[in-house]
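Remarks on the overall topology
Residues per chain are reported as follows:
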Amino acid sequence: MTIQRLAEDSLPYPLRTTMGRIMLHVRSSSPAKGFDGRFPARHHWTCAVPPQAIDVPPASILHVPGPPLGKISWYYIAWYDFWLRRNDKIAQWHLRYGPVICFRPGEVSFASSGLMREIYGTAGKYTKSELFENFMVYGQKPLFSIGPYWEHRKKRMLISSFYHKTSITRPVMEKWLRQNIMKLVAQIERAIVQQHGNEDKAPAKAMLDAYPLFNCFAFDNITHVLFGSKYGAKTIANDCPERKILLGIKQAQMWGPFKFNFPALAWITSKAMHVFPTGIASLLVPDTLRLCLKSEDEMASWNWNTLQTALADLDAVEDYTLLQRMLSCRAKAPETLETPYIAAELYDNINAAQETVAVGLIYLIFHLARQHSWQARIRSDLLSLNIAEDGFPAWTDIDKLSSLDAFMREALRVNPGASGRQERYIEDSKKDYNGICLPIGTRVTASTIALHQDPSVFPHPEEFRPERWLDQTPETLRQMENSFIPFGYGARICLGKALGIMELKMLAAFLLLRYEIATTPEMGDGKSGPMWQCGSIEAVPIGLKGEMIFTKLDMY
Ligand code: HEM
């Protein structure tokens, strides 16, 4: 255990999380380390990076096609990263240089479904890169940040059945999700009353920024799954402190590339925040960065404190929660699930489920708002379903609607809710990848955007065409499915895929049955303007907002 680790253990949790991340950053950025700032495994405090993951000399990878500057300079991709254009740029390079490209010394991207399956499939057992150690918290590695295949698999097996579709879509889960949807609808109704005033003849409609609302929705949902009805957050309906934390965390998306590319500078910046009095710190550190660093710590504290409170009042935590599931696993094997690890896993689930779902929702609703004929088509399909007690169809019926399914798929194809930065390490130099050999230790990712925009699989990929998912031959559909990876693929495919899909489809269905949805001209077409999707870790809309106009329909 290092001196830093010991020192860190004596700190209170909020500070400890930041320090944990920072120590990793500092270590990974020391100039004495490898050419790209990565540290040799033997020096790493958690020893997660396997011995094979050594630095790759730039010369050993020059034979791979790709932008010449990118192959020799770390700063070339960092430049695009800084402007949040990393993913788009890599997809463009694929069109120019082919399915295997080197875009940074020691780093390669794939744009072929076969190669994607090779690196992410269970057979390959590829190790995740240390980028994911940025997601360590409380000095622990949750699932998402575990590198080696077997270590990851052991931990994943503890909770994977919890998130299985049959478990997550049980009636008890559906019930509270419907309740949260109704709370969200109540916020829209409130806005309608506020904006509609007394103008009786005007259509009952309201314009509101749906993005923060969807953030609250996703946060309340996941914290309910983790902690249950008493300790899950209630941000949709209440103007509570957690809402401010969520707002601050959104800024983290904009500052992510800064933190990942210039870790030492990020560390100094956050130090300045603690060392200098607030007045001076605000001169030195941009407001949004201060907000984001503070909010990340506040969220970690929120999770830690909520866990402690829930542990002290376990009778109030429903059996169907992830916390109860983990505690029952702990009863069988106490050493595997100590409280800090449980806390880290819960925190990581919040991170994984909050922004992704909010982004997925804002793009789904944005595309619906621009496609009125599809709204009518899906609405008419929804109206043909039986309705439940609350006046809306049941999840099992909503899930079967092919029109809604096709629309959601197309929205996730065009605007996938995650960055697609799923890096792994090459651990076998004898394999070849489309005829190209790669040295051991090369970092490799399959580009989600390049796969989703492949014209040979998705003709006219730049066009939003939900119908491409309908009435296809099984063979064409299979090809499309093979290249469609908004939730990743294989051994580390999104654990919360079933939950995410249920949240997306259910909310869209409820909103469509109540409102005609439009967007404002300021939101643009998604290819530019505030809805342009960033290439940050969570692929948020650049404007961090999504103005929608909800016009009430007569039927409800
Ligand atoms: C539309 C919503 C979502 C999208 C687009 C999405 C996307 C992804 C992607 C692409 C990965 C793979 C990362 C990799 O291979 O390295 C992933 C992993 C993960 N996701 Fe999601 N996700 C969503 C919702 C959720 C939800 C609701 C949860 C709930 C807990 C969740 C939990 C996780 C976890 C725990 C992992 C890590 C799995 C592992 O490493 O074994 N996600 N997600």
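Since this is a predicted model, take the numbers as computed values, not measurements.

Before going further, it helps to spend a moment on the coordination of the iron atom of the ligand. Of the protein atoms, C494 (SG) alone serves as a donor to the iron atom of the ligand, at 2.3 Å. You can see C494 is positioned in the loop between α21 (474-482) and α22 (497-514).

This brings us to the UniProt feature "binding site: heme" (unreviewed entry) in the protein. Sequence positions flagged by UniProt for "binding site: heme" (unreviewed entry) are, in local numbering, C494. By relative accessible area, C494 is classed as partly exposed at 32%. Residues within four places of C494 in sequence aside, it is in contact with R156 and F487.

The immediate surroundings of the ligand are formed by 24 residues, with H152, R156, Q422, R424 and C494 found nearest. For the ligand, an oxygen atom lies 3.1 Å from a polar atom in the side chain of R424. Looking at the shell around the ligand, the elements with two or more residues in it are α7 (149-159), α16 (339-369) and α22. The biggest single contributor to the shell around the ligand is α16, with five residues. Partitioning the shell around the ligand into residue classes produces twelve nonpolar, seven polar and five charged.

Now for unusual backbone geometry. Positive phi values are uncommon outside glycine, yet D471 reaches one of about 50 degrees. Structurally, D471 can be placed in the loop between α20 (448-452) and α21. A relative accessible area of 81% places D471 in the exposed class. Of note in the backbone geometry, L544 takes a positive phi value of approximately 50 degrees without being a glycine. When you line up the elements, L544 lands in the loop between β9 (515-519) and β10 (547-552). For L544, a relative accessible area of 14% translates into the label buried.

Moving on, we get to the side chain of S403. Secondary-structure assignment places S403 in helix α19 (residues 402-414). For S403, a relative accessible area of 2% corresponds to the buried category. With residues near it in sequence (within four places) discarded, S403 still touches W374, R377, I378 and D381.

The next thing to look at is the packing of helix α10 (residues 210-231) against α22. Across the interface, α10 lies against α22 with an axial gap of 12 Å and an inter-helix angle of 130 degrees. By the angle between their axes, α10 is oblique relative to α22. For α10 against α22, the interelement crossing comes out right-handed. Here F214, F217, A218, N221, I222 and V225 of α10 lie close against α22, whose contacting residues are L499, E503, L507 and L511. For the contact of α10 with α22, the residue count by class is eight nonpolar, one polar and one charged.

So, about the pattern of salt bridges. Once the charged atoms of two side chains with opposite charge are near each other, the side chains can pair. According to the stated counting rule, one finds 25 salt bridges in the structure shown. K505 is the salt-bridge partner of D405, the closest N and O atoms lying 2.8 Å from each other. Of the two residues, D405 is situated in helix α19 and K505 in helix α22; the sequence distance between them amounts to 100 residues. Residue classification places D405 among the partly exposed residues on the basis of a relative accessible area of 21%. By relative accessible area, which is 2% here, K505 ends up buried. A salt bridge links E423 to R443, with the nearest nitrogen and oxygen atoms 3.7 Å apart. On the criterion of sequence distance, the pair formed by E423 in the loop between α19 and β5 (424-425) and R443 in strand β8 (residues 443-446) is long-range, its members being 20 residues apart. Both residues of the pair, E423 and R443, count as buried. One salt-bridge network, held together by shared partners, links D81, R86, R104, E107, E130, R421, E423 and R443.

How each quantity is defined
Residues numbered from 1 in each chain as written. Predicted model: local features only at pLDDT ≥ 70, side-chain atom pairs only at ≥ 80, totals over all residues. Heavy atoms only, no water. Donors = N, O, S within 2.8 Å, 3.2 Å for Na, K, Ca; no water. Helix = DSSP H or I, 4+ residues; strand = E, 2+ residues; numbered from the N terminus. UniProt positions renumbered as here; feature names shortened; annotations may be inferred. Buried < 20%, exposed > 50% of the residue type's maximum accessible area, 1.4 Å probe, protein only. Contact = heavy atoms within 4.5 Å. Near = heavy atom within 4 Å. Polar contact = N/O pair within 3.5 Å; in protein donor to acceptor, adjacent residues only side chain to side chain. Nonpolar A, V, L, I, M, F, W, Y, C, P; charged D, E, K, R; others polar. Axes fitted to C-alpha atoms, helices over the stretch in contact; angles between N-to-C directions. Parallel < 35°, antiparallel > 145°, perpendicular 65-115°, else oblique. Left-handed = near helix turned anticlockwise from the far one by under 90°. Salt bridge = Lys/Arg side-chain N within 4 Å of Asp/Glu carboxyl O.

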